[in-house]
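Chain residues, written in single-letter form:
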Amino acid sequence: MTDLARFFDATGYAKLPARLPPDLVRRMRTVVDDHFARGVPPFRVNDTGTPCRLDGLLERDPVFLEGLRHECVGAALRQILGPTVDVVHDRHNHATLNNPGDIPLRLHRDIQQWSQPLVAVFFYLEPAAVANGCTAVVPASHRLPYAGPQSGGGGGNWADEHDQYQHLIGQELPVEMPAGGVLFLNCLCFHSVGRNTSASSRRSVVFACRSSDELSQVDNPGVTQLFGKRRILANRVLRVSGSLRQGQS
């Protein structure tokens, strides 16, 4: 296990030492700014009806897949998830525009169960500091057990909805990032967007990646393969399982 993988396993998050190239960040931001300005669906709005989140980024422009496959991101993903990695289309895959006073700090998990692990990959399109609402993380909170579903049919957990998680509130640490910075987060780790008390916005994009294991479907329209070669090693295709061979009738 590498130092990066060891740190990620212990804390539930890791800041990559390298940044994405400025030109790649600029091209991502150009797409995000253009689609926000034109209100290109699908998007979500804040309390004033202003678009603040763009969904389906991978379907909007290939620049985001280019970012996920960049060598600094790919090398780190392989250390944590192994040689074959997928990006999931139906979790995250969005851009967030955190305007002043827009999004409250509220600790949450992005998934509920450890048996379906995901790694969130954040790209920061401009500097993220405490003042403009950088991501806040509760280290090692990915170790805590499942305590029940999220209200409203959501896919994760809100810390303030479960007695077992109440002690986490106020324990979050801000994770400041430069433009082009990359943050990995175990999706079971409690975190939140920070409160933006500045006069400017903060733009970031986030994706959900997972290992493509030996039981993953070869053709799955809900994921895009980033690296490696997917193989099915299910019971039905294994001629030998351990010391046992398929019998002949």
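Structure's up top.
Residues numbered from 1 in each chain as written. Predicted model: local features only at pLDDT ≥ 70, side-chain atom pairs only at ≥ 80, totals over all residues. Heavy atoms only, no water.

**Some points on unusual backbone geometry**
Where we set the bar: For the purposes of this entry, the term helix denotes a DSSP run of H or I that reaches at least four residues, the term strand denotes a run of E that reaches at least two, and both are numbered from the N terminus.
Residue P41 is joined to P42 through a cis peptide bond whose omega torsion reads 0 degrees. Within the element layout of this structure, P42 appears in the loop between α2 (22-38) and β2 (43-45). Notably, H92 is not glycine yet its phi reads approximately 60 degrees, a positive angle. Position of H92 among the secondary structure elements: in strand β4 (residues 85-98).

**Let's talk about the packing of helix α1 (residues 3-11) against helix α5 (residues 71-81)**
As a reminder, the rule being used: Axes here mean lines fitted to C-alpha atoms, for a helix over just the part in contact, with angles spanning 0 to 180 degrees between N-to-C directions. Working definition: roughly parallel below 35 degrees, roughly antiparallel above 145 degrees, roughly perpendicular at 65 to 115 degrees, and oblique for all remaining angles. Put simply, a crossing is left-handed when the front helix is turned counterclockwise from the back one by less than a right angle, and right-handed when it is turned clockwise. Should any heavy atoms of two residues lie within 4.5 Å, those residues are considered in contact. Under the grouping applied here, Gly and all other residues not named as nonpolar or charged are polar, the nonpolar ones being Ala, Val, Leu, Ile, Met, Phe, Trp, Tyr, Cys and Pro and the charged ones Asp, Glu, Lys and Arg.
One can describe the packing of α1 onto α5 by two numbers: an axis separation of 9 Å at closest approach and a directional angle of 60 degrees. Judged on the interaxial angle alone, α5 and α1 are oblique. Crossing angle aside, the handedness with which α1 passes α5 is right-handed. Note on element contacts: α5 touches α1 through A76, Q79 and I80, opposite L4, A5 and F8. Residue composition of the contact of α1 with α5, by class: five nonpolar, one polar and no charged.

**A look at the layout of surface pockets**
The condition is simple: Cavities and pockets were defined on a 1 Å grid built from protein atoms only: a cavity is a group of points that admits a 1.4 Å probe but offers it no way out, a pocket is an open group of points flanked by protein on both sides within 12 Å along at least five of seven lines, and a lining residue is one with an atom within 4 Å of any such point. Grid points are joined across faces, edges and corners, and a volume is the space filled by probe spheres set on the points.
One number sums up the size of the largest pocket: a volume of about 1,100 Å³. In terms of lining, the largest pocket is formed by 35 residues, of which the most central are R53, H94, T96, H108 and W158. Counting only elements with at least two residues in the lining of the largest pocket, the list comes to β2, β3 (51-55), β4, β5 (108-109), β6 (119-124), β11 (191-192) and β12 (202-211). Sorting elements by how many residues they give to the lining of the largest pocket places β4 first, with six residues. Roughly 740 Å³ of volume is contained in the second largest pocket. Surrounding the second largest pocket, 34 residues form its lining, W114, S115, Q116, P117 and L118 being those nearest its centre. Elements that contribute at least two residues to the lining of the second largest pocket include exactly α1, α5, β4 and β12. Looking at the lining of the second largest pocket residue by residue, the class counts come to 16 nonpolar, 11 polar and seven charged.

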